[in-house]
Amino acid sequence: MRLGIDLTNLDPKYKGGSNTYCEGFIEGLKENNNSKISIQIYTNKDYFKNNKFKKKNFIFYTYNPTILKKIFIIIYNRLFPFLSFFIGDLKYSFDYYFRNFLYSNFKKLVEKNSDILITPNVTLKIYNLSIPTITNLHDIQHIHYPELFSFSEKCRRDFSYSNTAKYSSKIIASLNFIKKDLRNQFRFLKSNKIEVIYAGVDLKKYRYNKKAKTKNYIFFPAQLWPHKNHLLVINAFRNYLKKSKKKNKLYMSGKNFGQQSQKILNNIETIDNNYIKFLGPIDHSSLLNMYNSAICTLCPAIYEASALPMLESFSMKTNVMISDIKQHLEESKKFKVINFKTNSAKDLEEKFLSLDKFSHKKLKSITDFNYNLIKKRSWALQSKKWILICQKLLKKNNISSKLT
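All values reported here derive from a predicted model rather than from experimental measurement.

Moving on to the sheet that holds strand β11 (residues 296–299). Spatially, six strands are ordered β10-β9-β8-β11-β12-β13 in an open sheet, and the strand pairing comes out parallel. On the outer flanks of this sheet lie β10 (276–278) and β13 (338–340), each paired with one strand and no other. Looking at each pair of strands side by side, their axes are set apart by 20° on average, direction ignored. Both strand β12 (residues 320–323) and β13 contribute to a ladder of three bridges, which runs parallel. Within β13, the position partnered with Met321 by the bridge is Ile338. Strand contacts of helix α8 (residues 230–243): β8 (217–221), β9 (249–253), β10, β11 and β13, with the helix running at about 165° to β9, the strand carrying the most contacts. The strands touched by helix α13 (residues 345–355) within the sheet are β8, β11, β12 and β13, with β13 carrying the most contacts at an inclination of about 155°.

Formed by 47 residues in total, the largest nonpolar core has its most connected members in Leu3, Ile5, Leu29 and Ile134. No other element matches the seven residues that helix α15 (residues 379–403) contributes to this core. Setting aside residues no more than four positions away along its own chain, Ile134 makes contact with Ile116, Leu117, Ile118, Thr119, Lys170, Ile172, Trp386, Ile389, Cys390 and Leu393. Ranked by size, the runner-up nonpolar core spans 32 residues in total, among them Leu224, Phe257, Ile276 and Leu355.

The subject of this paragraph is a positive patch on the surface. A cluster of basic side chains, namely Lys333, Lys334, Lys376 and Lys385, defines a positive patch on the protein surface. Tracing the chain through its elements places Lys333 in the loop between α12 (326–331) and β13.

Another aspect to go through is the pairing of strand β1 (residues 2–7). In terms of burial, β1 is a largely internal element, five of the six residues being buried. Judged from the six bridges that link them, β1 and strand β2 (residues 38–43) form a sheet pairing that is parallel. Within β2, the position partnered with Leu7 by the bridge is Thr43. In the sheet, β1 pairs with strand β4 (residues 116–119) via three bridges, with the strands oriented parallel. Paired with Ile5 across the two strands is Ile118, which belongs to β4.

The next thing to look at is the pairing of strand β5 (residues 133–136). Alternating residues of β5 divide into Thr133 and Thr135 and Ile134 and Asn136, and every residue in both groups is buried. Summarising the sheet, β5 and strand β6 (residues 170–173) pair through three bridges and their orientation is parallel. Within β6, the position partnered with Thr135 by the bridge is Ile171.

Among the residues of helix α4 (residues 104–113), Phe106, Lys107, Val110 and Asn113 are the ones counted as buried. All buried residues of α4 lie within an arc of 155° about the axis, which places them on one face of the element. Exposed side of α4, more than 90 degrees from the buried face: Lys108 and Lys112 are the residues found there. Contacts from the buried residues of α4 go to β1, β2, β3 (58–62) and β4.

Take the sheet that holds β6 next. Taken in spatial order, the seven strands line up as β3-β2-β1-β4-β5-β6-β7 in an open sheet, and their pairing is parallel. Edge positions in the sheet fall to β3 and β7 (194–196), since each has one partner strand and no second. Strand after strand, the sheet turns through a mean of 25° between neighbouring axes, direction not considered. Sitting on the sheet, α4 touches β1, β2, β3 and β4, and the angle it makes with β2 is about 170°.

Moving on: the pattern of salt bridges. Throughout the structure, instances matching the rule amount to 15 salt bridges. We note a salt bridge from Arg2 to Asp115, for which the minimum N-O separation is 3.0 Å. Placement of Arg2 in strand β1 and of Asp115 in the loop between α4 and β4 is noted, with a sequence separation of 113 residues between them. What makes Asp115 partly exposed here is its relative accessible area of 26%. Between Glu111 and Lys107 there is a salt bridge whose closest N-O contact spans 2.7 Å. Note that Glu111 and Lys107 are positioned in helix α4 at a spacing of four residues, about one turn of the helix. One salt-bridge network, in which partners are shared between bridges, spans Glu153, Arg156 and Arg157.

Thresholds applied
- Residues numbered from 1 in each chain as written.
- Predicted model: local features only at pLDDT ≥ 70, side-chain atom pairs only at ≥ 80, totals over all residues.
- Heavy atoms only, no water.
- Pairing = 2+ DSSP bridges.
- Helix = DSSP H or I, 4+ residues; strand = E, 2+ residues; numbered from the N terminus.
- Axes fitted to C-alpha atoms, helices over the stretch in contact; angles between N-to-C directions.
- Contact = heavy atoms within 4.5 Å.
- Core = buried A, V, L, I, M, F, W, Y, C linked by side-chain atoms within 4.5 Å.
- Buried < 20%, exposed > 50% of the residue type's maximum accessible area, 1.4 Å probe, protein only.
- Patch = residues over 30% accessible without salt bridge, like charges linked within 9 Å, V, L, I, M, F, W, Y side chains within 5 Å.
- Areas by Shrake-Rupley, 256 points an atom, 1.4 Å probe, with all protein chains shown as cover.
- Salt bridge = Lys/Arg side-chain N within 4 Å of Asp/Glu carboxyl O.
- Lys, Arg positive; Asp, Glu negative; His and termini not counted.
- Charge placed at Lys NZ, Arg CZ, Asp CG, Glu CD.
- Arc of directions from axis to C-beta.

Here it is as structure tokens:
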């Protein structure tokens, strides 16, 4: 089996969940070294310059559109989302034909070198591939929280997500919640077209360090996106400091998006900087140190597909506090976590106060329990499920070809 992975739309400078997910998935494939499977990774010229996933059965292809097509792609990406608003349902057909034309060279490259293509980063690049395709539609947050997206982005997601759902051979959902959400939104999707495979964690990359001793701060790793709930967290933490004798600190890491993040940064400045710090983006080594020394990792989002920091924390033997959205509760139901009411600063404040009473013995019993369970969610094990789906699709495809 020649298994292609499309990573051409990943930004090497972005350190968010989509990159973490894709890189973890590739690492999982690396560990499932099978001489009968070759992996073709399709990337842009900037991504994986150092060939970080080098492996005997891994082949890298850099996709570079012609200069003329690049110009058309830029114009299309900037103008069509706005135009799509005025043409109704015709936008789906226009998007289908435009993308198939713009990325025809990508089609030739993939069909020549792969038997099947996986797109782990949300949407198909092209819709008319002659080989089976598997896509991970992470979530449809723009449907539930349209106010968090620009007009252009909402329009783009509308037609690209719908066409991806329609023309993918198989859709992977990270949760049963996401599967149900996708079926409610895209009525043409049959239940058997969507498979649920939970996100994994790279157990080698997130490894507990026994030397860590601090355990006097709460760690909140998240980009400064509105759906990550920073303002509620800051409000709850401010009130916590007024009542707490222990006064655990709060450290936050993630990318600052300039003007749209300013309200969050202004609120951070209202609290004594001896107790709260925004670290900005941090490298992997620093991330491991933060997990290792935190009394708790905070995952307070109002909506998301997979809380990857939660899984990473379990692997690092760090306690976890989550908002009680359905996605978090589903993903954490086998683990021991602290949950709070998503939109209640008062409840989160009380949960912060409860951390003051945690003894080392209690904390260790919780983190050891989660650590033993998370081994079943390694990317090595999760990627095997993807491979199995690929094999079934190819077998079905070959049978169909013989019948016709």
